[in-house]
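Chain by chain, the residues run as shown.
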Amino acid sequence: MAEKKTTKAAPKATTKAAAKTTKKAATPKVTQISINAENVGFKAGDVYQALAKANKALSVAEIAKAAKITAEEAYLGLGWLFKEGKVTNVEGGIALA
């Protein structure tokens, strides 16, 4: 008579350990920006003040850091200021016109 082979299930400890080592993909934070003339105007003022205080050309990241706003908000403010002719694009970044 042939013997039946039995297989053992993996111990629970190893399956839990395997589950803990699996890293979840980082989900980016989504920030909600209210786009209206008033808020964009405030961001433009923040960008303008940051550039005036620096008194030199800055990158968008530097402007955002100096103004304590996100890069997206800095782009909104810069768009406003470009339209009004208050800033210009120079080799070192963006400066007051």
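Here's a quick rundown of the structure. As the structure is a computational prediction, the values presented were derived from the model and not from experiment. (Residues numbered from 1 in each chain as written. Predicted model: local features only at pLDDT ≥ 70, side-chain atom pairs only at ≥ 80, totals over all residues. Heavy atoms only, no water.)

1. Concerning the side chain of Glu 73
Residue position: Glu 73 is located in helix α4 (residues 71-84). In contact with Glu 73, other than residues within four places in its own chain, are Ile 33 and Lys 43. (Helix = DSSP H or I, 4+ residues; strand = E, 2+ residues; numbered from the N terminus. Contact = heavy atoms within 4.5 Å.)

2. Here we look at the pattern of salt bridges
Evaluation of the coordinates by the stated rule reveals two salt bridges. Note that Glu 73 is salt-bridged to Lys 43, the shortest N-O span being 3.8 Å. With Glu 73 in helix α4 and Lys 43 in helix α2 (residues 37-54), the pair connects residues that are 30 residues apart, well separated along the chain. Note on Glu 73: relative accessible area 16%, which makes it buried. (Salt bridge = Lys/Arg side-chain N within 4 Å of Asp/Glu carboxyl O. Buried < 20%, exposed > 50% of the residue type's maximum accessible area, 1.4 Å probe, protein only.)

3. Here we look at the environment of Leu 58
By secondary structure assignment, the location of Leu 58 is in the loop between α2 and α3 (60-67). C-alpha separation for the pair Leu 58 and Glu 91, spaced 33 residues apart in sequence, amounts to 9.8 Å. Other than its neighbours up to four places away in sequence, Leu 58 contacts Ala 50, Leu 51, Ile 63, Gly 92, Gly 93 and Ile 94.

4. Focus on the pairing of strand β2 (residues 93-96)
Looking at chain direction, strand β1 (residues 87-90) and β2 are connected through four bridges and run antiparallel. Note on β2: the bridge partner recorded for Val 90 is Gly 93. Counting the residues in the hairpin turn of β1 and β2 gives two residues. (Pairing = 2+ DSSP bridges.)

5. Details of the environment of Thr 88
Assignment of secondary structure puts Thr 88 in strand β1. Taking C-alpha positions, Thr 88 is 9.6 Å from Leu 78, a pair spaced ten residues apart along the chain. In this structure, Thr 88 is in contact with Phe 82, Gly 93, Ile 94, Ala 95, Leu 96 and Ala 97, ignoring residues within four places of it in sequence.

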